[in-house]
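Here is what each chain is made of, one letter per residue.
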Amino acid sequence: MAKLKISVLGSGSKGNCTLIETENTKILIDCGFSARETTRRLQELGVAPNDINGILLTHEHKDHTLGLENFASKFDVPVFANALTLNEYEHSGITKPLNLNAIMTQDFYFRELTIAPFEVSHDSIHCNGYSIYYQGEKFSLATDLGYIDDNILESLKGSNTVVLESNHDVSMLKQNEHYPQVLKERILGKRGHLSNEACANAILSLAGSGTRNFILAHLSKENNTPALAKSNTTNLLQSNGADTQHDFNVCVASQDNTLKLDKSF
Ligand SMILES: [Zn+2]
Ligand SMILES: [Zn+2]
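Since this is a predicted model, take the numbers as computed values, not measurements. (Residues numbered from 1 in each chain as written. Chains lettered and ligands numbered in written order. Predicted model: local features only at pLDDT ≥ 70, side-chain atom pairs only at ≥ 80, totals over all residues.)

### What about the nonpolar core?
1) Next: Counting 65 residues, the largest nonpolar core has I55, L164, I203, I215 and L216 as the members making the most contacts within it.
2) Next: Take this core: its biggest share by element is seven residues, from helix α8 (residues 196-208).
3) Next: The residues touching L164, leaving out its near neighbours within four places in the chain, are A142, C199, A202, I203, F214, L216 and A217. (Core = buried A, V, L, I, M, F, W, Y, C linked by C-beta atoms within 7 Å. Buried ≥ 20, exposed ≤ 12 C-beta atoms within 10 Å, placed from the backbone. Helix = DSSP H or I, 4+ residues; strand = E, 2+ residues; numbered from the N terminus. Contact = placed C-beta atoms within 7 Å.)

Written out as C-alpha cells, the structure reads:
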C-alpha cells in the first residue's frame, strides 16, 4: 500500500489541481478550479477542504491559480511558490490577505514531507515541477513544459509515481484549422507544452529507472484524445519489451472528472 496517495482533481487548460495525501498531511499542487469546484472535487475524493495543509504552485497561469485566492484565504492554507511566481501572482490583482511563502531552488521541509522544486521551461515568469519525498517514496509532477532535458529527467527519476504532461498530438495540432499559426508555434515551442511523443519518450526512460505509475496530464481537448495519449506511451513501452498490463499503471487525468490512483505499484 503506497504511503503517498495521489489523486488528480482535474487537469487541462480549464483547470489543474492535484492532491497528495499521507496519513497526516494533505497538500495540493495548483488550484486552477474555482474554490467552490475545488471543494466539490475534494469532497468527491472524501477530503474536507479544511484538511488541506498547503498548496504548491507551479506557475501563475490562470488554469493553475483560478481558485487559489478564494480557497487559500477561506481555509487559511499557506501557499508555496517560486519567488518570481509569487511576485507575478501578487500583482495580478489579488485583494485578500494570503499566507504566501517564497521558495527557492533548494529542497525544503513541510510537515513530514521533503519537497524538491525543479524548474521547467514554459512561457510563464517561472515554472516549477515538484518532487515530494515521504518515508522512502517519491512522487513527481511536471506539467506545462516545452521540453524535457536531462536535468528534468534526473529530477523525475526514482519516483514511484509521476504526473507528466501529454498535451498534444503534433499532427493533430498542426492540422487544427481553428488554431492560428502563432498559437501553434507557442504550444510547439521550447516554452510551450509537451507532446504525446515527448511524454512517451520520457516515460520510457523513467520506466527504465523503476517508475511504475504514470498519470498523463494536461491533455488538450482540441489536439489530443485520452486514447491517443495513452496508446502513444503504452505502445512505446511495449515495443521496448515492457508488460504494460501487469507491470505498469498508465492512466490519463481528465479535465472534468477526478482521478484517484488506487492501483499503484
Ligand atoms: Zn501554463
Ligand atoms: Zn497549464
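### Observations concerning the sheet that holds strand β3 (residues 26-29)
1) Next: Spatially, the seven strands line up as an open sheet ordered β6-β5-β4-β3-β2-β1-β14, and their pairing is mixed. The outermost strands of the open sheet, each flanked by one partner alone, are β6 (100-103) and β14 (259-260).
2) Next: Note: strand β1 (residues 5-10) against β14, two bridges, orientation antiparallel. Residue S7 lies in a different strand from β14, and its bridge partner there is K260.
3) Next: Contacting β5 (79-82) and β6, helix α4 (residues 83-90) crosses the sheet at an angle of about 110 degrees to β5. (Pairing = 2+ DSSP bridges. Axes fitted to C-alpha atoms, helices over the stretch in contact; angles between N-to-C directions.)

### Focus: unusual backbone geometry
1) Next: Positive phi values are uncommon outside glycine, yet D76 reaches one of about 55 degrees.
2) Next: The residue D76 is located in the loop between α3 (68-74) and β5 in this model.
3) Next: Unlike most non-glycine residues, R111 shows phi in positive territory, near 50 degrees.
4) Next: Examined against the element boundaries, R111 turns out to sit in the loop between β7 (108-110) and β8 (113-119).

### Let's talk about helix α1 (residues 35-44)
1) Next: Every buried residue of α1 is listed here: T38, T39, R41 and L42.
2) Next: Residues of α1 that are buried make contact with β1, β2 (17-21) and α3.
3) Next: Phi turns positive, to about 80 degrees, at G46, one or two residues after α1.

### Topic: the pairing of β2
1) Next: β2 sits mainly inside the fold: five of its five residues count as buried.
2) Next: Burial along β2 is two-sided: C17, L19 and E21 facing one way and T18 and I20 facing the other are all buried.
3) Next: As paired elements, β1 and β2 share five bridges and run antiparallel to each other. Its bridge partner being in β2, G10 is matched across the sheet by C17.
4) Next: Here four bridges tie β2 to β3, and the two strands are oriented antiparallel to one another. Paired with T18 across the two strands is I29, which belongs to β3.
5) Next: A loop of four residues connects β2 with β3, the two strands running antiparallel in sequence.

### A short note on the environment of L98
1) Next: As for its position among the elements, L98 is in the loop between α4 and β6.
2) Next: Remark: the alpha-carbon pair of L98 and E69, spanning 29 residues in sequence, is separated by 7.3 Å.
3) Next: Once you skip the residues sitting within four places of it in the chain, L98 turns out to touch E69, A72, S73 and V79.

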